[in-house]
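The primary structure of each chain is shown beneath.
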Amino acid sequence: LERYKMAKVIGVRFNPAAKVYYFDPSTVMDLSAGEYVVVETSRGEEIGKVLFPPREVGDKEIVGQLKPVKRRASALDLAQMAYFQFKEQDALARCQDKVQEHNLPMKMIRAEYNYDGSRLVFFFTAEKRVDFRRLVQDLARSFRARIELRQIGVRDEAKLIGGMGKCGRNLCCATWLTEFNPVSIKMAKQQELPLSPMEISGVCGRLLCCLAYENDQYAAIKGKLPRRGSTISTPHGRGKVVQVNVIQETVQVELENQIRVEVTQQELAEMREPQPQPQPPPRKRGRRRRRSRSR
């Protein structure tokens, strides 16, 4: 058998409902969940929250080179982070003013400092690519920090801003959903939902993420039940399937006498099972008499 190499890692998250990243905890081994650490990333040092303490994972789960944990976050580090988080709304407002000065077709969504204020990232949406090089230079002079502008999609916009969904609860993407799963109109058809865009779209204007939550279960149950319009045999006689209830795992059948009955999946399964055939009684065998040959 092939041996799988194992590596010791900790899981770190930088924002709520964000992706979990692996880091090498060899410099600080006695970490526990909930602590804050300073880690080295491709964009420099950042503070993240430990999601789970050191544990071993397979090499296949690690993407790229494993970066180290620099140290535990000190009280000064956390105070700096809180200070610059407080300044993010003001930075966003100032950036919006600069965008209007440069007359750029951009919608600014969020400003995000790193913990020591040396880097400032602005997230924006736009219908097409935008040349914002002069804007970046202007912002760098104004904030005296390294400036990054990132164009995001409408789903990421909803994740950053947050809000309430059609169900009356906070958006899944803003509270616990770490990645966006593919969602298609076929899932809405599978669950027999109204195909009106107003009914099956979220606040982002895209198909609801929750369409994917129960899709596999709907497909599995529908695979066991007969399709609407098919003719089947039931304990009450033959009839035509006029309605399928996936939640209760039943079908409504219109019999030949126009009476409608509801049949469960279990009853249909029992109808399909072959009934044992009665075996004939064993034949009694008597002793065969030997015939004596006359000489």
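Residues numbered from 1 in each chain as written. Predicted model: local features only at pLDDT ≥ 70, side-chain atom pairs only at ≥ 80, totals over all residues. Heavy atoms only, no water.

## Brief notes about the layout of surface pockets
One simple way to see leftover space: roll a probe sized like a water molecule over the atoms. Quick note on the threshold: A cavity here means a set of points on a 1 Å grid, drawn over the protein atoms and nothing else, where a 1.4 Å probe fits but cannot get out; a pocket is an open set with protein on both sides within 12 Å along at least five of seven lines, and a residue lines either one if it has an atom within 4 Å of a point. Grid points are joined across faces, edges and corners, and a volume is the space filled by probe spheres set on the points. Helix and strand assignments follow DSSP, with helices taken as H or I runs no shorter than four residues and strands as E runs no shorter than two, numbered in order from the N terminus. Charged residues are taken to be Asp, Glu, Lys and Arg, nonpolar residues to be Ala, Val, Leu, Ile, Met, Phe, Trp, Tyr, Cys and Pro, and polar residues to be all remaining types, Gly included.
Roughly 1,500 Å³ of internal volume is contained in the largest pocket. Together, 46 residues line the largest pocket, and Phe 14, Asn 15, Ala 18, Tyr 21 and Arg 43 are the ones closest to its centre. Broken down by secondary-structure element, the contributors of at least two residues to the lining of the largest pocket are strand E2 (21–23), strand E3 (36–41), strand E4 (44–58), helix H1 (75–86), strand E6 (107–113), strand E7 (119–125) and helix H4 (154–161). Broken down by element, the lining of the largest pocket gets its largest block of residues, four residues, from E4. Along the lines of polarity and charge, the residues of the lining of the largest pocket split into 23 nonpolar, nine polar and 14 charged. Of the pockets and cavities examined, the second largest pocket occupies roughly 360 Å³. Surrounding the second largest pocket, 19 residues form its lining, Gly 165, Leu 171, Leu 208, Cys 209 and Cys 210 being those nearest its centre. Those elements giving two or more residues to the lining of the second largest pocket turn out to be H4 and helix H5 (172–175).

## Points about the side chain of Glu 46
Counted only if it meets this: Within 3.5 Å is the distance limit for a polar contact, defined as a pair of N or O atoms, with the added protein rule that one can donate a hydrogen and the other accept it, and that residues adjacent in sequence qualify only through two side-chain atoms. The contact criterion used is simple: two residues touch if any of their non-hydrogen atoms lie within 4.5 Å.
Relative to the helices and strands, Glu 46 is located in strand E4. Here the side chain of Glu 46 touches Thr 41 through a polar contact of 3.4 Å, side chain to side chain. Ignoring sequence-local partners within four residues, the contact set of Glu 46 consists of Phe 14, Val 37, Val 38, Val 39, Thr 41, Tyr 115 and Arg 119.

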